[in-house]
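Given next are the chains, with one letter for each unit.
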Amino acid sequence: MGFREVNSKMIEATVTPGQRLYSQRGAMLAYKGEVSFTPNIQGGQGGVMSMIGRRVANEATPLMTVEGSGTVLFGHGGHHIQVINLTGDTLYVEADRLLAFEGTLRQGTVFLGAQGGVMGLVRGQVTGQGLFTTTLTGHGAVAVMAHGGVFEVPITPQRPVHVDPQAYVAHHGDVRNKLSTALGWRDMVGRGSGEAFQLELSGSGAVYVQASEEKL
């Protein structure tokens, strides 16, 4: 199926019988044909454990299962939309940045502390972003949302990438993340982003960065 970018804030998806799409609730702008939209309490292919992760992360809004035959226009809140095509790897993305994804992808939930250790916990607590990140694995298309556009930054073993945690959208590849601080602990009191915190991504892959620190 895939997604066709109509403009920077809208995509079109073709829905065919026997195949599913999942979208954020409220993301449908218009559709043609015989298409149905039903709440999905199982959290996509990830099953119950994926949904538990979303609820613990205070992300209880269910996804919508999109089925039938026709075309659907997706968008949400006037946010910029970036389409990412996966070819067998895993995409890590904040759950509230997911606009839509193909049902061929398996959805899961990862605890940021699993990769970032204690500093992964700090990222969630101090910056206000979730401790849980959604994962999508397999072959298929994903549409994510961001403020002010998205830029893809390559990550190579020789050159780690440092990102403001609130500018982070998603990443994929064989990548490890940890939160580093440029200031002492006393200097960081009351600061949740900017130079005080830097999310370091190392390994091989790419990170998607939005042009604004504004939250969705």
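None of the values given here were measured: they were computed from a predicted structure.

Cut-off values and rules
- Residues numbered from 1 in each chain as written.
- Predicted model: local features only at pLDDT ≥ 70, side-chain atom pairs only at ≥ 80, totals over all residues.
- Heavy atoms only, no water.
- Helix = DSSP H or I, 4+ residues; strand = E, 2+ residues; numbered from the N terminus.
- Buried < 20%, exposed > 50% of the residue type's maximum accessible area, 1.4 Å probe, protein only.
- Contact = heavy atoms within 4.5 Å.
- Areas by Shrake-Rupley, 256 points an atom, 1.4 Å probe, with all protein chains shown as cover.
- Salt bridge = Lys/Arg side-chain N within 4 Å of Asp/Glu carboxyl O.
- pLDDT = per-residue confidence, 0-100.
- Pairing = 2+ DSSP bridges.

1. Section: the overall build of the protein chain
And then number 1: Looking only at helices and strands, the protein chain has 3 helices and 13 strands in total.
And then number 2: Out of the 216 residues belonging to the protein chain, those deemed buried represent 50%.
And then number 3: Put simply, of all contacts in the protein chain between residues at least 6 apart along the chain, 79% involve residues at least 24 apart.
And then number 4: About 10,100 Å² of surface is accessible on the protein chain, with carbon and sulfur atoms providing 52% of the total.

2. Observations regarding the pattern of salt bridges
And then number 1: Scanning all chains against the criterion turns up 2 salt bridges.
And then number 2: As a salt-bridge pair, Glu67 and Arg20 come within 2.9 Å of each other at their nearest N and O atoms. Linking Glu67 in strand 5 (residues 63-74) with Arg20 in the loop between strand 2 (10-15) and strand 3 (21-24), this pair joins segments that are 47 residues apart in sequence.
And then number 3: Residue Arg20 is classed as partly exposed on the basis of its relative accessible area, which comes to 41%.

3. Quick look at the environment of Met64
And then number 1: Inspection of the secondary structure puts Met64 in strand 5.
And then number 2: Judged by relative accessible area, Met64 falls into the buried class, the value being 12%.
And then number 3: Placed 40 residues apart in sequence, Met64 and Gln24 show a C-alpha to C-alpha distance of 6.1 Å.
And then number 4: Non-local contacts of Met64, meaning those with residues more than four positions away in its chain, are made with Leu21, Tyr22, Ser23, Gln24, Arg25, Phe37, Thr38 and Pro39.

4. Points about the environment of Tyr208
And then number 1: Following the sequence through the fold, Tyr208 ends up in strand 13 (residues 197-210).
And then number 2: On a C-alpha basis, the gap between Tyr208 and Val169 in space is 5.4 Å, while along the polypeptide they are 39 residues apart.
And then number 3: Leave out the neighbours within four places in its chain, and Tyr208 touches Gln82, Ile84, Leu91, Val150, Phe151, Glu152, Ala167, Tyr168, Val169, Ala170 and His172.

5. Structural notes on the environment of Gly149
And then number 1: Relative to the helices and strands, Gly149 resides in the loop between strand 9 (132-146) and strand 10 (150-155).
And then number 2: Here Gly149 falls in the buried class, since its relative accessible area comes to 12%.
And then number 3: Separated by 61 residues in sequence, Gly149 and Gln210 have C-alpha atoms that sit 5.7 Å apart.

6. Focus on the confidence of the model for the protein chain
And then number 1: For the protein chain, the average pLDDT comes to 79, and 69% of its residues sit at 70 or higher.
And then number 2: Taken element by element, the protein chain is modelled with least confidence in helix 2 (residues 113-127), mean pLDDT 44, and with most confidence in strand 2, mean pLDDT 96.
And then number 3: Overall, residues 46-60 carries pLDDT values under 50, and its contacts beyond four positions in sequence, including any with other chains, amount to 27 contacts.
And then number 4: In the model, residues 113-130 has pLDDT below 50 throughout and makes 43 contacts with residues more than four positions away in sequence or in other chains.

7. Quick look at the pairing of strand 3
And then number 1: Here strand 3 shows two buried faces, one formed by Leu21 and Ser23 and the other by Tyr22 and Gln24.
And then number 2: Note that strand 3 and strand 5 share 4 bridges and pair antiparallel. For Leu21, the partnering residue across the bridge sits in strand 5 and is Val66.
And then number 3: Relative to strand 7 (residues 98-102), strand 3 runs antiparallel, the two being bridged by 3 bridges. Within the sheet, the bridge partner assigned to Ser23 lies in strand 7 and is Ala100.

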